[in-house]
Amino acid sequence: MFQGASALNLDAKGRMTIPAKHRDALIVQCEGRATLTRHPHGCLLFFPRPTWETHREQIAAWPMSARAWQRIFLGNAQDVELDSAGRILVAPELRAAVGLQRDVMLLGMGSHFEIWDAAKLAESEAEAVAGGMPDVLSNFSF
């Protein structure tokens, strides 16, 4: 289970260093092989390869009426591998598609990660809080 937020930087080549706590787990879980794809909320999804392969099979089986969504998820998917310095390369097409600049946030979401432009994430979270708690969470409490 991946959890927690990490403030990171993309270097001039678009590489991002994965924090050691996650890097070690990714090496054990998938030998550092992962997949990045686009999410319509404006972030990238970062999956360990075995987790992505399960999702990929499900997405590929969607009916023709979901073809546009298949393009978003499958058409933008790119395989990546951790390099010897524990970095992944985020392709220019993916960076541009979600507006990733230098400052990014890596969010552990259980089975995968989300990669957000830091400013865009702050804006998205502010909008969510301003919109109030959704009804589906009305019975949730810590």
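Residues numbered from 1 in each chain as written. Predicted model: local features only at pLDDT ≥ 70, side-chain atom pairs only at ≥ 80, totals over all residues. Heavy atoms only, no water.

## Overview of the pattern of salt bridges
We apply this condition: Basic side-chain nitrogens of Lys or Arg form a salt bridge, by our definition, when they fall within 4 Å of a carboxyl oxygen of Asp or Glu. Elements are defined by DSSP. Helices are runs of H or I of four residues or more, strands are runs of E of two residues or more, and each kind is numbered from the N terminus.
Going through the model one piece at a time under the given rule, you end up with 3 salt bridges. Among the salt bridges present, the one from Arg-49 reaches Asp-79, with a minimum N-O distance of 3.4 Å. Residue Arg-49 is located in helix α2 (residues 49-60), and its partner Asp-79 is located in strand β5 (residues 78-81); the two are separated by 30 residues in the primary sequence. Residue Asp-83 pairs with Arg-87 through a salt bridge whose shortest N-O separation is 2.8 Å.

## Some points on the side chain of Asp-117
Stated formally: Burial classification: accessible surface area is computed with a 1.4 Å probe over protein chains only, and a residue below 20% of its type maximum counts as buried, one above 50% as exposed, and the rest as partly exposed. Lys and Arg are tallied as positive, Asp and Glu as negative. Neither His nor the chain termini are counted. In protein, a polar contact means a hydrogen-donor-capable atom and an acceptor-capable atom, both N or O and within 3.5 Å, with residues adjacent in sequence counting only if both atoms are side-chain atoms; elsewhere, any N or O pair within 3.5 Å suffices. Working rule for contacts: check all heavy atoms of both residues, and any pair within 4.5 Å makes them a contact.
In this structure, Asp-117 sits in strand β8 (residues 113-117). No salt bridge is formed by the buried Asp-117; its nearest oppositely charged neighbour, Lys-120, is found at 7.3 Å. At 3.1 Å, the side chain of Asp-117 forms a polar contact with the backbone nitrogen of Gln-101. Among all residues touching Asp-117, those that are not within four sequence positions of it are Gly-99, Leu-100, Gln-101, Asp-103 and Val-104.

## Concerning the UniProt feature "domain: SpoVT-AbrB" (unreviewed entry) in the chain
Defined as follows: UniProt positions are given in the numbering used here, feature names are shortened, and annotations may be inferred rather than shown by experiment.
As recorded in UniProt, the feature "domain: SpoVT-AbrB" (unreviewed entry) lies at residues 5-51 and 77-120. End C-alpha to end C-alpha, residues 5-51 measures 20 Å, and it is 30% helix and 45% strand. End C-alpha atoms of residues 77-120 are separated by 21 Å, and the span's content is 23% helix alongside 45% strand.

## Structural notes on the state of the cysteines
Under the convention used in this document: Cysteine sulfur atoms are paired as a disulfide whenever they fall within 2.5 Å.
This structure, assessed with the given rule, holds 0 disulfides. Looking at the unpaired Cys-30, the closest cysteine sulfur is the one in Cys-43, lying at 19 Å. Residue Cys-30 is classed as buried on the basis of its relative accessible area of 3%. Classification of Cys-43 as buried rests on a relative accessible area of 1%.

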